[in-house]
Structures are given as structure tokens and as C-alpha cells.
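One letter stands for each residue in the lines below.
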Amino acid sequence: MAEVNFQPSLKVESFFSENLANNSERFLLFLKAYYEWLQTTKITYTNLSGTFQRDEEIIGATSGASGIVKEVGTGYLVINLTSRFPFDKYETFTGQTSSATAVTNTIKNNVIRSSGDLLNNRYIETSVDTYLSYLKEELYPSIPETVYGNKRLLAAKFKNYFESKSNEQSYRFLFKLLYDEEIEFYYPGEDLLRVSDGNFEKTRVIRVAVIADVFDFLEKTIRGETSGALANVVDIKTFFIGSFEIAEFTLTLVSGTFETGESIVDIANEDLTTTVYGIVSGFTINDGGSGYEVGDEVVLSGDGSEAQAFVSSVSDASITTLKVNTTGHGYRLNTNAIVNNSGTGGNNLIVRVTELANTYTVTSGVDTYTVGEVATVSIINRGSGYVKKPTITLEDTSISTLGLLSAELITVANGGIDYGVGNTLVFTGGSGANAAGQVAAVEESTTYDFLFEDGFRMLSEDSYYDIIKNEDWEVVGPIARIELTNFGDGYETANLPSITVTTTTGSGANLVATNIQGKSANVEVDVANNLIGVGAIRAIEITNFGIDYTSATANTSASGDGNANVSVTISGLGIKEGNWIDDDGKIDYKIIQDSFFYQDFSYVIQSGLAFSFYRDTIKELIHPAGLQPFGQILISSFIDVAPEFRSQIAAVTEAVNEILISLFNSIDVSPNIGSLNTYELKLPYTSSNVAFVEANYEVLWGQLRVLNPDLFGVPVSNVGGVTFLDHHSSGTTLRNIEIEGTVTISGNTVIGTNTSFDYELLPNDFLIVDNAEKFIIQSIANSEFLTINVPPTGTYTNSTAYREAK
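Residues numbered from 1 in each chain as written. Predicted model: local features only at pLDDT ≥ 70, side-chain atom pairs only at ≥ 80, totals over all residues. Heavy atoms only, no water.

A. Layout of the overall build of the chain. Secondary structure assignment for the chain yields 10 helices and 53 strands. Burial status across the chain gives 39% buried among its 806 residues. Relative to all contacts within the chain whose residues are 6 or more apart in sequence, the contacts with residues 24 or more apart total 71%. A total accessible area of about 43000 Å² is found for the chain, and carbon and sulfur atoms account for 49% of it. (Helix = DSSP H or I, 4+ residues; strand = E, 2+ residues; numbered from the N terminus. Buried < 20%, exposed > 50% of the residue type's maximum accessible area, 1.4 Å probe, protein only. Contact = heavy atoms within 4.5 Å. Areas by Shrake-Rupley, 256 points an atom, 1.4 Å probe, with all protein chains shown as cover.)

Put into C-alpha cells, the structure is as follows:
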């Protein structure tokens, strides 16, 4: 709407005819004054400084509105608004003639001015504060009355907020507006464990002959001249393998397989070419064998060199076959073996004594046990997952704790000579006692033939002994067998007795006790005859592809059962084992869904406020349906222990004895920098200058001290490529840096005029205003808008500001 519509007093003459107007000049003046009064604006104010004058122009510091003073009252002004934009509430305005200042309190338009502003008040930019509340009811009725932000800006930007409603930026906007809080987001769904969710990457490489311009292949597409394979080269490394200098190309987007010995070319420049070396690129496992372990070396041989590989995976299986190496004595039926599964990958194998032979009884003094020789050991449960055979210990602890010896567990290492049946065994030492026994049989060293008339002898079955002999025949010889008349007790495997024989004829016998009853059996898994190979080779990993192979063989006989049969593949393309490029899908890093917090449809707002404080507000204003909100305390909000800071400071005097470093002018005065000299520097506030000062100087007691020892004794004109136009060696204080433009402060908000806040200042810098108060900069929105930690005690309009030197 044109401004003239707000000023009907300018057209009063048109209300009357020419004759009436000429004859009623005083009446016209009255009407004009009346209409001027109807279109005035009344402003009440606070914080008056100076005295306003009638007919002077006043201008608002924030809105830029202007008006002519028509009446100066106590605590108020009546003005004729000359700008289209109204004054803002609580802004500072200044008289252009009197230089008086004040802060608006209320702004009330008279009748015509109010009616003329009706259409303008529909627009955020031109509306007065009174109408902002009406606009609020129309545009954003759900937003509370009390907000931290600028209400005019809120109304202007609310459409953008509504269009982006429920995304992260809208939440940040709302929290800053309502609570002056910075927030962060966390989505529990990002930490859910999902099957096969990890990202795995395998690297493909070729090894080629080094040429002078081999690095020209980088970021090029190559083609195999024979195979036709294509790939992009993304990395090149050169190194030596033996006497060969090779280049290893890392490839992406590989199509086909490069062949041994073929030429490769850059498809954009076929003059760029080199040759592919044959490498060990894989294995075919014809027979996995058994008994192998992860890490066993696969020995490679062939016409190339340096290839290396190891067993990286072996098959797991159930245990189906056992092998009894030593038959045990003194075991009870159904004795379970002890199975050590450590390091085997398997579990649940159960082994048991299921059949005895040559049974007899033993007693502990309280209990009597039927025991015997182990005839059969059976697998009761095969278990599962074995990649290595477990250790099996077959011990009957109830019997072994008795410490009984057994004749079957005493070895006749040397039968000696001339021993007789009935010679007494003597048991000496050991941990037990009471064992007793005798020689039960000897091998006859003398033969006495008793012949029948037909010339035949009568011999005992399956022996060479005569059945009939004279009573005076004495049979002596090497000890063939012994028997125990008392098993003894308390003996231990690690502390067995020595055995001698009481005899009048024999000598040289050596009897050795080897074990005690209930502990002598030795059983193991028969991996060679297991139905499925325990520890059969399933995969082999290449640690070095080697170089210059056309053929190769693999030898696995040094480990396992030695029966694995593996064929080697030679080609030009090698595929490394690869690696996980993130932790997705890993149970150690992810969490199982609980359908409440840890789920795909929950989100967490992290702020310095308790969730209960804002829960209902976000659900009413912004929360999207179908999601579950949670709140967490942002700890960083609570560890900011900086106290409220407001400092009255004395006027800053102009610094003297300063050194001006210029990056553009050159005057060589060549003073020396000594380690004890201090200086004041005044630099353009650029990142390079700041970096130079921080690297070479430090502030100590308000003085700048040379920090870099490499600068000592160096002419100033040669330091860092900069030149000193003037210098002093006295200890001067650092000068505060005046920023461009002027500032006006309203509450915690600093509004700049012709300023460059975002270039000259940083958050947490000290801002000094009019050499009177010092504040901490909290945030910088743009070149003309920043916030400070506390409101000022004084009034600052178009004031000079400084950044305190550090």
C-alpha cells in the first residue's frame, strides 16, 4: 500500500471546493492538524539518555524505522511515522538532532495509522508486535507464548518449519526456539544385530613387470591382450621379491581373469603396456586328510618363488571311532572317560567302558568293587563341531584313589636266570605299602625228557614242558610270570615302589611297576578312520602370491596325518582374503532387538533437559506417528562449569612500541630476535597468520615471547618470509583488536552494522564493547548476528567493539 494512504492530511484541500477552501483557511488548518494527529504513533520508552526535540527525526537501531517527533512528553513521544516499517518493541532508537536515545516499551498507532496498517500487518516484515500475536494464532497456535527466538523471524520461517516438520532440522529449530537448547539424535535401530548385515570386501591384484612409466597406469582401465579381461587400476605399489622388482596393481570392477604371462595395455593408450607375472592364486583340495589345525603351513614348490600359504579352515565333525592304545586294568563297568575339549571347537563327546574281561573284586575297607580288564570302550555320544581331536583320559577315580598295584601292571623287563616258582617279591619305597607277591612261573632252562617206548614224549598242551617228571627235578629259569598276593594300597602313578626278588639261586631280574589299577588305559580318537575327517583341510589362505610361476605343487605331509592332497592354481589374478569394512552384523558390536528401545522405529533426543520436561510438547507439535521417542541427558551440557562472566574494564589505551608484520611490504631493518626479548604483534586476522604466531610465539604475562628456537639470532626480515616495519625490544602488552563496523546489544543478542563477525571472531572469544564491558561469545550466526553469555549492564548502540588479544 502506498504511503500516501497513511497520510490523508496531505489531501485535506481536496475535501472542499476551491471557494470554500479559500474562505476557510483556519478550518482547513484545523482539519489538517486533526488528521495528522489521527495518523500519529505514540511510543512509550525506557532507558532515556538525553532529551528529544520536537520535529527531529528518530531512527530505530534494529528495525530501521524512522519518524518525526511531533510531541515530547514525559516517558513518551508522539511521532509521525515516515517509514513503511514500524518500530520494534524493546529496540533502541536515536534522535538524529539531539542524539538522545531510548528503548521502546509500547507502540500504539492512532486511528488512521492503525486502519492504514491493517493490510501491512498481515505481512511479517511490516507487522507491529501487537499483531504478531494474532498472526501466531493463525500460523502456529501450538507454539507456546514464551520462546527464546525472535517472534517476527519465527512467524516468517514457520512455513519452512512446517514443510520440514518431523525431520532433524525441525527438531533442532524447535528446541532452540523453546528451550535455547542444542540437541543431538541417536537412533537405536542403527545398532541392531542383523544377519549377514556386514560389508565385506575382497581385494583383487595382479603383479606385473616394472617399466619406466608404470605409475601411468594409475586410475586407468586396463585390458588383457590374451584374456580380454578388463579392470580399473586404483592403486600401485612397487617392491622386490627376491631379485624381481614387481609392481602390484590393486583393481576394481574386474571383468574376466588375467592370464599368466599375457600383456596388459591401457585401453586409452595402447603404447602403455607391461607383462603379467604368474602367481599362486588358489588351491583345489582333492583330499582334506585329517588331524590338521588352522595355521599349519602348506609348503609350496615350483618354478617361481616366495609363495606362502597356510591352512585357514578345517572341517568340524562328530567323533565316530576310537583307538585303544593300552588296555586298562582295575576298571569298573560303565566308567566314563574325561574328555578335554579345549581348543578342539567341539563338545559333548561321551566315552564309556562298556565291557570287562577277567573280573575280580577289590575292597576299600568299606566298599567292595567288581573290576576287571577293559575289553571294550564305546562312544555314547559322538559330540559335534570337532576340528581337532580331543584328549581322552580313561580313569576310574574310585579305584585309582585306593592306590592298588596289579600283576598285569608290573613289567618283567628282564627275567634274569635261575629263579624258581614261589620266590618272594619285595616291594620297597613308593607312596603306598603292603603290596606282596611271588614268582608264578619261570622258563625252564633244563629239559628232562620222559620217553615212551615208541620214542614220544608227553608234553603239556601248547608248551614244551614234560607232563611227567620226577619229584626231585628242580625247575629254575628266567621269571616268566608273577602274581600278587596283596595289591597293597596308597600307591600313586608318580611314586611307585621298586621290586626285588628273594631267591637263593636266581639273579639279574628286573621288575618294573608301571601304573596302578583304574588308571592305566590309554584311549584316543582315531582321526584316520573317523567317518568325517576331524581337522580335514577345508580352506587354504595365501599370504604371499609369489612371483613368476607357471606351475607349483603343495606339500602337507609335515602336519596332520600327512594325507591331504592339494592342487595349486596358477593365474595372473590374485584375490586377497579381504576384510570387513564395518562392524555391522558382528555380535560383539551390535544389540539384539528388544521391540521397545532397540528397534527400527525409535529415536532418542539427547539434550541437557529431562525427557519429562519436553515429552508432551514434542508429541503435540512435531512427533511423527508410528515412532517411539526417548530422551537422554547430554552430559556435555552439565560439565560446562564456566561461571557467568561480566567484567567492567578500564578504557584500553592505544598500544605503543608495536611491531607491524606485513606480508606485502618489504623494509629490511634486520634486528635480531633474542630469546629474552618480548614483542607485540599486530597481524591481519587470517588463518595463516594465526598459525604462524602460534607456531613461533607464546603469550607470557601479557607479553609475546619467541617460542621457536630456530628463530633465535635470525634477522627479523628473514623470519617466515615476513618483514618487520618497526620494532622495539621493551616488554609491551598485547593490543586488543578492533573489529569492523559497530555493534548494538539487545539482551544476549549482538547485532552488527557493517561487521564481519563470522570472519573476525570465534566462539569463546572475549568481546569488549566501548572499552567498558567484556563478554564471552557463545555463538556466531552470520556476519552481523551473534550471542553473548549474559546481557550487559549498560546500553550499547552503534558501539565500537574489540576482540581481546590472546
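B. Structural view of the side chain of Glu-181. In this fold, Glu-181 is placed in the loop between helix 6 (168-179) and strand 7 (184-186). Lys-176 is the oppositely charged side chain nearest to the buried, salt-bridge-free Glu-181, at an N-O distance of 8.3 Å. (Lys, Arg positive; Asp, Glu negative; His and termini not counted. Salt bridge = Lys/Arg side-chain N within 4 Å of Asp/Glu carboxyl O.)

C. Local environment of the pairing of strand 5 (residues 92-95). Burial of the side chains of strand 5 extends over both faces: Thr-92 and Thr-94 are buried on one face and Phe-93 and Gly-95 on the other. Pairing of strand 2 (residues 57-60) with strand 5 involves 3 bridges; the strand directions are antiparallel. Residue pairing for strand 5: Ile-59 is matched across the bridge by Thr-94. Bridge count for strand 5 against strand 6 (residues 101-109) is 3 bridges, and the pairing is antiparallel. What sits directly across from Thr-94, in strand 6, is Thr-101. The loop that links strand 5 with its antiparallel partner strand 6 comprises 5 residues; one of these, Ser-99, has a positive phi angle of about 65 degrees. (Pairing = 2+ DSSP bridges.)

D. View of the packing of aromatic side chains. According to the stated counting rule, one finds 16 aromatic pairs in the structure shown. With a centroid separation of 4.9 Å and 70 degrees between ring planes, the pair formed by Phe-597 and Phe-630 is classed as edge-to-face. Of this pair, Phe-597 sits in the loop between strand 37 (579-580) and strand 38 (602-607) while Phe-630 is found in strand 39 (residues 628-633), placing the two residues 33 residues apart along the sequence. Classification of Phe-597 by relative accessible area gives buried; the value is 16%. Centroid distance Phe-611 to Tyr-614: 5.5 Å. Interplanar angle 80 degrees. Geometry classified as edge-to-face. One end of the pair is Phe-611 and the other is Tyr-614, both in helix 8 (residues 611-621) and 3 residues apart, which spans about a single turn. Tyr-614 carries the same exposure label as Phe-611, and that label is buried. Among the aromatic residues, ring-to-ring pairing joins Phe-175, Tyr-179, Phe-611, Phe-613 and Tyr-614 into one connected group. The ring of Tyr-76 carries the charged tip of Lys-42 above its face, separated from the ring centre by 4.5 Å. Lying over the aromatic face of Phe-766, Lys-774 brings its terminal NZ or CZ to 4.9 Å of the ring centre. (Phe/Tyr/Trp six-rings, centres within 6.5 Å; stacked < 30°, edge-to-face > 60°. Lys NZ or Arg CZ within 6 Å of the ring centre and 35° of its normal.)

E. How the structure looks around the sheet that holds strand 39. The sheet built from 3 strands is open, its strands ordered 7-38-39 with mixed pairing. Single-partner strands in this sheet number two, and they are strand 7 and strand 39. Across the sheet, the mean angle separating the axes of adjacent strands is 30 degrees when strand polarity is ignored. Where strand 38 meets strand 39, 6 bridges bridge the pair, whose relative direction is parallel. (Axes fitted to C-alpha atoms, helices over the stretch in contact; angles between N-to-C directions.)

F. Quick peek at the packing of helix 6 against helix 8. It is at 12 Å that the axes of helix 6 and helix 8 come closest, and there the two elements cross at 130 degrees. Taken together, the axis directions place helix 6 and helix 8 in an arrangement best described as oblique. In terms of crossing hand, the pair formed by helix 6 and helix 8 is right-handed. Where helix 6 abuts helix 8, its residues Leu-174, Phe-175, Leu-178 and Tyr-179 lie against Phe-613, Tyr-614, Thr-617, Ile-618 and Leu-621. Looking at the contact of helix 6 with helix 8 residue by residue, the classes come out as 8 nonpolar, 1 polar and no charged. (Parallel < 35°, antiparallel > 145°, perpendicular 65-115°, else oblique. Left-handed = near helix turned anticlockwise from the far one by under 90°. Nonpolar A, V, L, I, M, F, W, Y, C, P; charged D, E, K, R; others polar.)

G. Local environment of the confidence of the model for the chain. Per-residue confidence for the chain gives a mean pLDDT of 79; residues scoring 70 or more make up 74%. For the stretch residues 647-686, pLDDT sits under 50, and the model shows 121 contacts to residues farther than four places along the chain or on other chains. Per-residue pLDDT stays below 50 along residues 698-734; that stretch engages in 110 contacts with residues further than four places along the chain or on separate chains. (pLDDT = per-residue confidence, 0-100.)

H. Geometry of unusual backbone geometry. At Asn-334, a position not held by glycine, the phi torsion is positive, near 70 degrees. Along the chain, Asn-334 falls in the loop between strand 19 (329-331) and strand 20 (338-340). Judged by its relative accessible area of 48%, Asn-334 is partly exposed. Positive phi, normally seen in glycine, also occurs at Asn-754, with a value near 60 degrees. Inspection of the secondary structure assignment puts Asn-754 in the loop between strand 49 (749-753) and helix 10 (757-760).

I. Up close: the sheet that holds strand 14 (residues 269-275). Sheet architecture is open: 7 strands sit in the order 14-13-10-11-12-9-36, paired in antiparallel fashion. The open sheet has two edge strands, strand 14 and strand 36 (573-575), and neither has a second partner. The mean inter-strand angle of the sheet, taken between neighbouring strand axes irrespective of direction, is 40 degrees. One ladder, built from 6 bridges, connects strand 9 (residues 204-209) with strand 12 (residues 244-255); its direction is antiparallel. Looking at the pairing, Arg-207 lines up with Glu-248 of strand 12.

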